[in-house]
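Inside the fold
One letter stands for each residue in the lines below.
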Amino acid sequence: MYAGPNLQPGDPATTVDGGGTFSYNGAVGLAPETYTDSLGNSVTAMNGHVDPRPIMDVGVMNGNIPAPLMAIDEDDEFFLTLTNVGQIMRPDLFEQHTVHFHGYPNASAFYDGVPDASVAINIGGSFTYYYLAPDAGTYFWHCHITPPEHLQMGMVGQLYVRPRQNRVPATTTLYASLQAQQQDLRTACPLGSDTVHSDILCSNPLPAVNTGATGGGKYAYNDGDGSTAYDVEYPLQIHGFDPSFHFVGMTFNPEQFTDMKDKYFLLNGRSYPDTVTPGPLKTQSTDGANHFAQPLPSIINIPAGKKALLRISDLDVTEYQTLASLGIPMHVIALNAKLLRDQAGNNLNYNTNSITLAGGESIDVILDASDTTKYPSGSVFYLYTPNLDHLSNDAENFGGLMTEVRIN
């Protein structure tokens, strides 16, 4: 299978097969076409043609985990073309594939990827999904044909949407900006005395207190008070791996869904100590080329005196997952892409030393290292799971969900 956004020439392109994904750079996706507009300007546009060569060359040969990370800005229009090319090593398989954006507020079920209400792609077919990004938050996407199997095989990745508030100038208060946003019917949040038009499902009301905070920074949500401000952000995707399930699938045997049990636990596709290895992990294949199976490290580098936003998604199928922070409290600001705030505008965010997620859940956490006396440059802390059986790779006594938080 091949999955990639409709890219401009030179943008990174991404391919996906049944075991995960493979990333490389090149002019791929919708082919460019140059023309002259009515003013005599040379304009490069997309002609709607998908180049099949890199899809066939790479799409069925390489895999990486997790699947491609997608990061877009609120109000962006996002196009994703999915091509199902099958697998050379498993010609007996004829399964369809889809892309489902989990928890994402799609305007139409047609693009939601659930086969009961949308389109599924047969081998040899392609389909272009369309999404409008109306709501900031951390989500993820996956194949919705036999989801347990295809999530286990790596057809799952994170998606997050950055808020409009990032575009608020430093001369404007965040409170006034959020008031203006509430006039947009896509994100309106009528509450208070207007009981006729009030929305009990409103998840982003105005804050109870106008802090006077102004724009010009980075924010996880449209908070209106600066409570979700951060300096650097890191996506952390938790994944589990059942070697027996993969083995029987590779050897043409029936897959034991009821006995599925993860024995390897991964952060961004890696177990400790690979989680703190910088850069992509590569393997030289028989063709002599380096293939990048695990492109995303899990090291969390925080500049001294700054804050880091962790966008954590549990992409697991069989297990609850817990992450704990030693030394730096985890300031939880949102759960499942919803800002922790009640309808009266009171912030419900809290500090904790650990979070627990079920499969399909996401959480946004800020690590605040602004106190340089507590968190001086050069200090190292750990983010790990207290579930000791998740700190190993099967029978080995190392690995699992652990990484380092480094103050630079």
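Residues numbered from 1 in each chain as written. Predicted model: local features only at pLDDT ≥ 70, side-chain atom pairs only at ≥ 80, totals over all residues. Heavy atoms only, no water.

Considerations on the overall build of the protein chain
Put simply, the rule is: Put simply, DSSP H or I for four residues or longer makes a helix, DSSP E for two residues or longer makes a strand, and each gets a number counted from the N terminus. Residue exposure (1.4 Å probe, protein chains only): buried if accessible area is under 20% of the type maximum, exposed if over 50%, otherwise partly exposed. Between two residues, a contact is recorded if the distance between any of their heavy atoms is within 4.5 Å. For every accessible area listed, the method is Shrake-Rupley and the probe measures 1.4 Å; residues are considered covered only by the protein chains on display.
When its secondary structure is counted, the protein chain shows four helices and 27 strands. Here the protein chain, with 408 residues, has 46% of them falling under the buried criterion. Within the protein chain, contacts between residues at least 6 apart in sequence are counted, and of these 69% link residues at least 24 apart. Accessible surface, the protein chain as shown: approximately 18100 Å² in total, 55% of it carbon and sulfur.

Considering the pattern of salt bridges
Filter applied, for reference: By definition, a salt bridge exists where a carboxyl oxygen of Asp or Glu is found within 4 Å of a side-chain nitrogen of Lys or Arg.
What the rule picks out here adds up to 10 salt bridges. For Asp73, the salt bridge is made with Arg162, and the minimal N-O distance between the two is 3.7 Å. Placement of Asp73 in strand S6 (residues 70-73) and of Arg162 in strand S11 (residues 156-162) is noted, with a sequence separation of 89 residues between them. Ionic pairing is found between Glu404 and Arg406, a salt bridge with its closest N-O pair at 2.9 Å.

Quick look at the confidence of the model for the protein chain
The predicted coordinates should not be examined in detail at positions where pLDDT is low. What counts here: What pLDDT reports is the predictor's confidence in each residue, on a scale of 0 through 100.
Across the protein chain, the average pLDDT comes to 80, with 79% of residues at 70 or higher. Here residues 1-31 is a poorly scored stretch, pLDDT under 50, and it has 110 contacts once near neighbours within four places are set aside; other chains count.

Observations regarding a nonpolar patch on the surface
So the rule is basically this: Residues enter a patch when their relative accessible area is above 30% and they make no salt bridge; the linking distance is 9 Å between like charges and 5 Å between nonpolar side chains (Val, Leu, Ile, Met, Phe, Trp, Tyr).
A cluster of nonpolar side chains, Leu326, Val380 and Tyr382, forms an exposed patch at the surface whose accessible area comes to about 240 Å². You can see Val380 is positioned in strand S26 (residues 380-384).

Here's the deal with the sheet that holds S11
Quick reminder of the rule: Two strands are counted as paired when DSSP detects at least two bridges linking them. For every element, the axis is a line fit to its C-alpha atoms; helices are fit only across the contacting stretch, and the angle between N-to-C directions ranges from 0 to 180 degrees.
Spatially, S6-S11-S10-S8 is the arrangement adopted by the four strands of the open sheet, whose pairing is mixed. At either end of the open sheet lies a strand with only one pairing partner, and these are S6 and strand S8 (100-102). Each strand axis lies, on average, 25 degrees off the axis of its neighbour in the sheet, ignoring direction.

Overview of helix H4 (residues 243-250)
What sets the pattern is the α-helix's 3.6 residues per turn: residues three or four places apart point alike. Put simply, the test is: For this quantity, the arc is that covered by the directions from the helix axis to the C-beta atoms.
Listed in full, the buried residues belonging to H4 are Phe245, His246, Val248 and Gly249. Seen from one end, H4 has its buried residues packed into an arc of 165 degrees, which puts them on one side. Residues of H4 that are buried sit in contact with helix H2 (147-152) and strand S14 (232-241). With its phi angle positive at about 65 degrees, Phe252 sits one or two positions after the end of H4.

A few points about the pairing of S6
By the alternation rule, side chains of S6 split into Met70 and Ile72, which are all buried, and Ala71 and Asp73, of which none is buried. Here four bridges tie S6 to S11, and the two strands are oriented parallel to one another. In the sheet register, Ala71 faces S11, and the bridge partner there is Tyr160.

Thoughts on the pairing of strand S7 (residues 77-83)
In terms of residue burial, S7 counts as a mostly covered element, since five of its seven residues are buried. Bridge count between S7 and strand S9 (residues 126-132): seven bridges; the pairing is antiparallel. When the bridges of S9 are listed, Phe78 appears paired with Tyr131.

Observations concerning the environment of Ile333
Note that Ile333 resides in strand S21 (residues 330-335). With 33 residues separating them in the primary sequence, Ile333 and Ile366 have C-alpha atoms 7.3 Å apart. Apart from residues no more than four positions distant in its own chain, Ile333 is found in contact with Ala220, Tyr221, Ser227, Thr228, Leu309, Lys338, Leu339, Leu340, Asn349, Asp364 and Ile366.

A few points about unusual backbone geometry
In this model, Tyr272 is joined to Pro273 through a cis peptide bond whose omega is 10 degrees. With respect to the element layout, Pro273 can be found in the loop between strand S15 (264-267) and strand S16 (281-284). Phi at Asp75 is positive, roughly 85 degrees, even though this residue is not glycine. Structurally, Asp75 can be placed in the loop between S6 and S7.

What to know about helix H3 (residues 174-181)
What H3 keeps buried is the set Leu174, Tyr175, Ser177, Leu178 and Gln181. One side of H3 carries all its buried residues, which in axial view fall inside an arc of 160 degrees. In this structure, the buried side of H3 is in contact with strand S12 (218-219).

Brief notes about the side chain of Asp316
Using the following cut-off: The charge count includes Lys and Arg as positive and Asp and Glu as negative, but it does not include His or the ends of the chains. Pairs of N or O atoms are called polar contacts if they sit within 3.5 Å, as long as, within protein, a hydrogen donor faces a hydrogen acceptor (for residues adjacent in sequence, only side-chain-to-side-chain pairs).
Mapping Asp316 onto the fold places it in the loop between strand S19 (307-314) and strand S20 (321-326). Although buried, Asp316 forms no salt bridge, and the nearest oppositely charged side chain, Lys261, lies 9.0 Å from it. A polar atom in the side chain of Asp316 sits 2.5 Å from the side chain of Gln321. Filtering out sequence-adjacent residues up to four positions away, Asp316 remains in contact with Ile238, His239, Gly240, Asp262, Phe265, Gln321 and Gly359.

Focus on the environment of Gly249
With respect to the helices and strands, the residue Gly249 is situated in helix H4. Considered as a pair, Gly249 and Glu149 are 100 residues apart in the sequence and their alpha carbons are 9.7 Å apart.

Some words on the packing of aromatic side chains
Note the cut-off: Aromatic rings from Phe, Tyr and Trp, with only the six-membered ring used for Trp, were paired whenever their centres fell within 6.5 Å, and each pair was classed as stacked if the ring planes differed by under 30 degrees, edge-to-face if by over 60, and tilted otherwise.
Summed over all chains, the structure comprises 12 aromatic pairs. Aromatic side chains Phe110 and Phe127 sit 5.6 Å apart centroid to centroid with 75 degrees between the ring planes, which places their arrangement in the edge-to-face category. Taken together, the residues span a long stretch of sequence, with Phe110 in the loop between S8 and S9 and Phe127 in strand S9 at a distance of 17 residues. Judged by relative accessible area, which is 38%, Phe110 ranks as partly exposed. The class for Phe127 is buried, based on a relative accessible area of 14%.

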